[in-house]
Amino acid sequence: MQALVFENSLARTVSTKLLGQLLARAYVGPTAPIRRREIAEPALPAQDWLLVRTSLCGLCGSDYKQVFLKGNYDNPMTSLISFPQVLGHEAVGVVERTGKEVTERRRGERVLLNPWLSCAPRGLEPCKWCRTGDLAQCENFTLGLLSPGIHSGNCREASGAFAEVFPAHESQCIPIPDDVSDEVAVLADPFSVSLHGILHGPSPEGATVLVYGAGTLGLCAVAILKALYGRVRVIVVARYDHQRRLAEQLGADHVLSHRPAVGVIEGLAELSSSEIRRPWRGLPMLAGGVDLVYDTVALPETLEVGVRVTRPRGAIVVTGVEVPRRFEWTPLYFKEISLIGSNAFGMETMEGRRMHAMQWYFEMVAAGRIDLTPIISHRYRLSEYKRAFMDCYDQGRSAAVKVLFDYRP
């Protein structure tokens, strides 16, 4: 079968990193760690696993940042992955074959991938985190019958959906309601990431919040905030005009341009009726500011602006992933701001009930409370992967938001 395979090759990484400084297309060129290849159909790691024929798979920011080599070798996450990898975890497909111990899924059923390779897929008794449904905090991502890997796509045996077929444990396969299209279902993963971040911080009801970034996660956050909280005021920082339009379409009350950074701070000062305090040099800080920041970018600049515009004892929830650098974080302690990391999703408690984030998504879709399909901007065949990744690389040119690989006839 055809698949995009990412190799852990120092020679390929170094040469591509150097060439990429001159020509961005080198990241998908002949020397790149990622290549389209013919590989064998994946084996079932155990008899409670199954094979899924891919219908759609979204390109997550973590996927294309890996392709663009945006990471450090001292990142502790490198201890939790194995190679070679077939990336792709935002997947929907049709069950093609089941192991002998699969009891709940059936051949021909449409399913959504819940990608976490936590205790159950590894054949282990659930750890304390898995017992509560907090699968992204599992203690056993390096143990059991699988090689190290956090989720499908970054584990050697649990290859992802940048391929015609992918394996999944029965517990990872969530059935898709008959009245939900593949296009709607494939957005459940980014929805779930944004929902977890919103529920993981203080309640935004009645607050003035800043969503920093208007890519997939930021736009999902805008839609969720407006769907769940009647009195929330949502301000968005967007980089591109197409992001601005989508943010407004999904309910943002105000949208600011991301540059210059001082303009973001001054704009937020006006919108929050806050005094601007200017240091001897560099960016100003607000006396007052917004109640909550959802940072879906996590660049040094966005984190620095965030601590300067959050009110005293407010909170910043970080869902973005970028290469770490220094930033001026003094306002973090001065204003006693809570900085909250938010990692993916699992079981979520909302409206007095607890169920998986992806099931919350299907419920909200069925009730007409949310429609994220406007963020789907591009679809490609797997053979067109170079165009797909380059559209993600230059979103200003391509107007890309959520890019999909489409495997359907």
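Quick summary incoming for the structure in this document. Just so we're clear, the structure is a prediction, and the values are computed from it rather than from any experiment.

Reading guide: rules and limits
- Residues numbered from 1 in each chain as written.
- Predicted model: local features only at pLDDT ≥ 70, side-chain atom pairs only at ≥ 80, totals over all residues.
- Heavy atoms only, no water.
- Helix = DSSP H or I, 4+ residues; strand = E, 2+ residues; numbered from the N terminus.
- Rg over C-alpha atoms; globule rule 2.2 N^0.38 Å.
- Buried < 20%, exposed > 50% of the residue type's maximum accessible area, 1.4 Å probe, protein only.
- Contact = heavy atoms within 4.5 Å.
- Areas by Shrake-Rupley, 256 points an atom, 1.4 Å probe, with all protein chains shown as cover.
- Lys, Arg positive; Asp, Glu negative; His and termini not counted.
- Charge placed at Lys NZ, Arg CZ, Asp CG, Glu CD.
- Pairing = 2+ DSSP bridges.
- Axes fitted to C-alpha atoms, helices over the stretch in contact; angles between N-to-C directions.

**Overview of the overall build of the protein**
When its secondary structure is counted, the protein shows 13 helices and 19 strands. A compact globule built from 409 residues would reach a C-alpha radius of gyration of about 22 Å, and the protein, at 21 Å, matches this within 12%. Seen along its three principal axes, the alpha-carbon backbone of the protein occupies a region of about 65 × 55 × 40 Å. Out of the 409 residues belonging to the protein, those deemed buried represent 57%. When contacts within the protein are restricted to residue pairs at least 6 apart in sequence, long-range pairs at least 24 apart make up 68% of them. Of the roughly 17,600 Å² of accessible surface on the protein, 52% is carried by carbon and sulfur atoms. A gap of 5 Å separates the mean positions of the 45 positive and 44 negative side-chain charges of the protein.

**Remarks on the sheet that holds strand S9 (residues 233-238)**
Sheets are built from strands that pair by backbone hydrogen bonding, the pairs being arranged parallel or antiparallel. Reading across the sheet, the 6 strands line up as S10-S9-S8-S13-S14-S15 and stay open at both edges, with parallel pairing between neighbours. Each edge of the sheet is formed by a strand with only one pairing partner; in this case those strands are strand S10 (254-257) and strand S15 (338-341). Averaged over all neighbouring strand pairs, the angle between strand axes comes to 20°, with direction disregarded. Across the sheet, helix H9 (residues 300-309) touches strand S8 (208-212), strand S13 (290-295) and strand S14 (310-318), and the angle it forms with S14 is around 150°.

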